[in-house]
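Coordinate inspection notes
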Amino acid sequence: MTIGSIKPVKEKKSRKSKQPVVDDQSPLLPTKHQEDGGFDEFNGASFSGAVFNLSTTIVGAGIMALPATMKVLGLIPGIIMIILMAFLTEASVELLIRFSRTSKSVSYGGLMGDAFGKYGKMLLQICILVNNIGVLIVYMIIIGDVLSGTTSSGTHHAGVLEGWFGVHWWNGRFSVLLVTTLGVFAPLACLKRINSLRYTSALSVALAVVFLVVTVGITIFKLINGSILMPRLLPSFYDLTSFLKLFTVVPVLVTAYICHYNVHSIENELEDSRQIRAVVQSALALCSSVYVLTSIFGFLLFGDATLDDVLANFDADLGIPFGSLLNDVVRVSYAAHLMLVFPIVFYPLRLNLDGLVFPSARPLTLDNLRFALISGGLIAIIFLGANFIPSIWDAFQFTGATAAVCIGFIFPAAVTLRDRYGIATKRDKILCIFMIVLAVFSNLVAIYSDAYALIKKNSSPRE
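Counting restarts for each chain, with residues numbered from 1 along the sequence as it is written. Restriction of local features to residues with pLDDT of at least 70 applies here, the model being predicted, together with a cutoff of 80 or more for giving and counting side-chain atom pairs; totals for whole chains, interfaces and linings are based on all residues. Hydrogens are left out, water is left out, and the side-chain values use all remaining heavy atoms of the structure.

Attention now moves to the pattern of salt bridges. Side chains that differ in sign of charge can pair as their charged atoms come close. Whenever a carboxyl oxygen of Asp or Glu lies within 4 Å of a side-chain nitrogen of Lys or Arg, that contact is scored as a salt bridge. In the structure shown here, the tally under the stated rule is ten salt bridges. Across the pair Asp-114 and Arg-420 runs a salt bridge whose closest N-O atoms are separated by 3.1 Å. Of this pair, Asp-114 sits in helix α5 (residues 108–148) while Arg-420 sits in the loop between α15 (392–418) and α16 (426–459), placing them 306 residues apart in sequence. The buried label goes to any residue with under 20% of its type's maximum accessible area, the exposed label to any with over 50%, and the partly exposed label to all in between, with areas taken from a 1.4 Å probe on protein chains only. Residue Asp-114 is classed as partly exposed on the basis of its relative accessible area, which comes to 23%. Arg-370 serves as the salt-bridge partner of Asp-367, at 3.1 Å between the closest nitrogen and oxygen. Judged on exposure class, the residue Asp-367 and its partner Arg-370 are both buried. What counts as a helix is a DSSP run of H or I of at least four residues, what counts as a strand is a run of E of at least two, and both are numbered from the N terminus.

Encoded structure:
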């Protein structure tokens, strides 16, 4: 009687508890790799913790490149594109959730496997590897830029540590990133449950807000004293190359909203999995608001001098009281934010690499040696990439034009158009066709534009 009275209550709380739990043929211990790779017995994550974790997944390094998109598109089209991308992201995630529930898939990989077989699942895993390694390399590049400085167009922008202590071997890029990797990234990457990161996620969101508030305050002060010029509202193009350059912002915007690979992990740990849509909508509303404000005030503050990584702009005299102190607050707060975002993006990276390489092994969380080797190898690759890739714009365009667009738009649209269970509406299919056409066309043009500009740049000295 007691068991019968309790069981229906649990069935309302978690989608996982709706799956059969009694099977005479089931082994007591798992004998095969779990595709969802999580702690299935844990389903007590709160709504706020889930919102913070998903918001942290979204607001990573992408925010730093958004003011540069305003420089390319102009203020009005840039803001429209940020808002449009938020709506498209919400639509694509909703499709993932709906089809996952119908197919009883508890992971993105499981959904792709259900729709397209093992090769579909493998393709998704490869895309997540490419995207997340690229994104984490970007995080390290930005941290290196902030703390050790960067050089752009022959001009050196001093880092925080350079400004405080001068140039030394121990505050160079390699040394700073090595200490950060061993002292921050490695310990946080050792956590095996995504809900364990809810407090660091909340702190990372708070640090991003600190960055935004200080930037807005500086911009308003300079607007009042009349030292800011009218920003460019519309794009400026004068030949084919400059026109095609407009499309290079699409991969950056796509990358800025990618969170799909963590949606299932967060949903699986929710106390009430029915809240996942509200979690997604709340996180996207928060992040798109931060994105719009950062883009507007960052571009207002620096205009056409805005760098690909806007944090690098905060190394000069801003012409306001306590300008040097505010510069350091902005840069250090966001560098700390990225350090705390790292494990949230690293979690699905490790999970998908393990699923790709060891598809039949026991769950990764039960094998400490495999867990340590995969984690250490990935961190080493990311560390080396951050020391050899010079610009976050290059990294964003590569990952955005390849893996990110597949994860965010093409794969959810393909699952919907495949429609194995006949639940897709006509509106769904029209939306999916639009997402695929927009993603493929924009990214092909972006790749062509980058290649054309690179060839032209390399051939100009010989002319």
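Moving on from the coordinates now.
Further remarks concern the packing of aromatic side chains. Here is the rule: rings of Phe, Tyr and Trp (six-membered ring for Trp) pair when centre to centre is within 6.5 Å. Planes less than 30 degrees apart are stacked, more than 60 are edge-to-face, and the remainder are tilted. Taken as a whole, this structure holds seven aromatic pairs when the rule is applied. The rings of Trp-164, Phe-165 and Trp-170 are connected pair by pair, giving a single aromatic cluster.

The subject of this paragraph is the side chain of Arg-350. As for its placement among the helices and strands, Arg-350 is situated in helix α13 (residues 323–357). Positive charges are assigned to Lys and Arg, negative charges to Asp and Glu, while His and the chain termini are left out of the count. Salt bridges are absent for the buried Arg-350, whose nearest opposite-charge side chain, Asp-354, sits at 8.5 Å. When neighbours within four sequence positions are excluded, Arg-350 is seen to be in contact with Ala-189, Leu-191, Leu-364, Phe-371, Ile-374, Ser-375 and Leu-378. Contacts are residue-level and defined by heavy atoms, with any inter-residue pair within 4.5 Å sufficient.

Attention shifts here to the packing of helix α7 (residues 173–189) against helix α14 (residues 368–388). As a packed pair, α7 and α14 sit with axes 11 Å apart at the nearest point and diverge in direction by 155 degrees. One element, α7, and the other, α14, form an angle in the roughly antiparallel class. α7 and α14 meet at a crossing whose hand is right-handed. Residues Arg-173, Phe-174, Leu-177, Leu-178, Thr-181, Ala-186 and Ala-189 of α7 lie in contact with α14, whose contacting residues are Phe-371, Ile-379, Phe-383, Ala-386 and Asn-387. Fitting a line to C-alpha atoms yields each axis, with helices limited to the stretch in contact; the angle taken between N-to-C directions then spans 0 to 180 degrees. An angle below 35 degrees is read as roughly parallel, one above 145 as roughly antiparallel, one from 65 to 115 as roughly perpendicular, and any other as oblique. Two helices crossing with the near one rotated counterclockwise from the far one by less than a right angle form a left-handed crossing, whereas a clockwise rotation gives a right-handed crossing.

Function-wise, these values are silent; they only describe arrangement.
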